[in-house]
Amino acid sequence: MPRDIPPLAEVRRITEKKRDAWWTVMLVDPVATPLVRWIARYTRATPNQLTWGAFLVGLGSAACFAQGDWRWLLLGAVLYHVSFIFDCMDGKLARLTGTGSVFGAWLDFVFDRIRVLVCSVALMGGQYARTDDVLYLWLALAVASLDALRYIDSLEIFKIRHGMRKQIKARMRAARKAENQAELAFMEDLLRENPEADLETDRDTVAPLEPAAPMEPVTALEPTAAPEATATLEATAVPVPAPRRPAVVDLHQEFRRRFPWWVRCRNFLQRHRIRAHLISGIEFQMGVFIIGPAVDAVVATTVVSGVLLLVFELAIIYKLLLSTRDFTRTINSFDAAEERIPATTSVNS
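Let us look at the structure shown here. Note that the structure is a prediction, hence the values are computed from the model and not measured.

Each value, and the rule that gives it
- Residues numbered from 1 in each chain as written.
- Predicted model: local features only at pLDDT ≥ 70, side-chain atom pairs only at ≥ 80, totals over all residues.
- Heavy atoms only, no water.
- Helix = DSSP H or I, 4+ residues; strand = E, 2+ residues; numbered from the N terminus.
- Expected span 1.5 Å × (residues − 1).
- Buried < 20%, exposed > 50% of the residue type's maximum accessible area, 1.4 Å probe, protein only.
- Contact = heavy atoms within 4.5 Å.
- Phe/Tyr/Trp six-rings, centres within 6.5 Å; stacked < 30°, edge-to-face > 60°.
- Axes fitted to C-alpha atoms, helices over the stretch in contact; angles between N-to-C directions.
- Parallel < 35°, antiparallel > 145°, perpendicular 65-115°, else oblique.
- Left-handed = near helix turned anticlockwise from the far one by under 90°.
- Nonpolar A, V, L, I, M, F, W, Y, C, P; charged D, E, K, R; others polar.

**Considering helix α3 (residues 47–65)**
Each α-helix turn comprises 3.6 residues. Residues three or four places apart therefore point the same way. Compared with the 27 Å implied by 1.5 Å per residue over 19 residues, the 27 Å span of α3 between its first and last C-alpha is a close match. The complete set of buried residues in α3 reads Pro47, Leu50, Thr51, Ala54, Phe55, Gly58, Ser61, Ala62, Cys64 and Phe65. Looking at the packing, one finds that the buried side of α3 touches α2 (22–42), α4 (70–97), α5 (102–131) and α12 (281–295).

Rendered as structure tokens:
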């Protein structure tokens, strides 16, 4: 019996990420999301089963690559794309049905790395057997190394950013206790939630580390009780805190100041759910294992994809460097504020 699953538009809202790789947004989601809805409605498949399915189809792709002939390469490219569609569907099914697990996330990550390693060895090994060109052996090593670099680097950058945000939140909590400051928000989170927001307007209207607004009296209440009781309540003005605007910390301020054109490009991409990291691990894999085999230009597409991946990785590292400078300035601003507090207190006393 079919399960009660929301309409497709609601399934898209639940399962599709607010920002994703352009390959996923344009070539995977239009197929994967309807399939996930159908699977959730008519089957009892689990996210882990889809992960296993993606892995097995990926091994089939590697078997095709190992043959070396162009017709087998084309079939392997098609199977690799099917494998990636299933790989995206497991997370969507987990979000839609609430059946995700920590082990499932680990399994998905490990199988992805194994699939890339096996497919790179099979693809380049098949071409080496066909041409006896040792260049393909070096390309196999390069593909596996670049994939590892991308995901190790992304994990380390995530840890560093998480650590910076954690320290800022801790300092902000201490400042709120001392001065009744407003809640804390990060500019990147605000833009992620509302990619259509105007960046410059946001920075002008929500100042960093803004103090809380003053108390304002309530002059009217909703008539939820009897009229005479409501009249009594209205006669007594009760001071309550006015809504406070969050203190906004922008850890990408220097990057945006140096590259304002990129901010406009990023905002445009985010309005279409496309993340600004245009050549990441996903696009690199698609270039090597789909585009290259499909057009029978394995060497050229692998080299171009690898160079583009390195360029974007260096840009991400440079952006992280600038972000650490913004972090240092933010921490220094807390230290300066703490130094001013005792001086103000002694003057008042």
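**Notes on the packing of aromatic side chains**
Considering all chains together, one arrives at 13 aromatic pairs under this definition. Ring geometry for Phe55 and Phe111: centres 4.2 Å apart, planes at 20°, overall stacked. Of this pair, Phe55 sits in helix α3 while Phe111 sits in helix α5, and the two are 56 residues apart along the sequence. Taking the relative accessible area as the measure of exposure, Phe55 reaches 13% and is therefore buried.

**Examining the side chain of Thr330**
Turning to its location among the elements, Thr330 is positioned in helix α13 (residues 298–348). Setting aside residues up to four positions removed in sequence, Thr330 forms contacts with Ile168, Val249 and Leu251.

**Some words on the packing of α2 against α4**
Contact geometry for α2 and α4: axes closest at 8 Å, N-to-C directions at 55°. Judged on the interaxial angle alone, α4 and α2 are oblique. Between α2 and α4 the crossing geometry is right-handed. Grouping the constituent residues of the contact of α2 with α4 by class yields 15 nonpolar, 4 polar and 3 charged.

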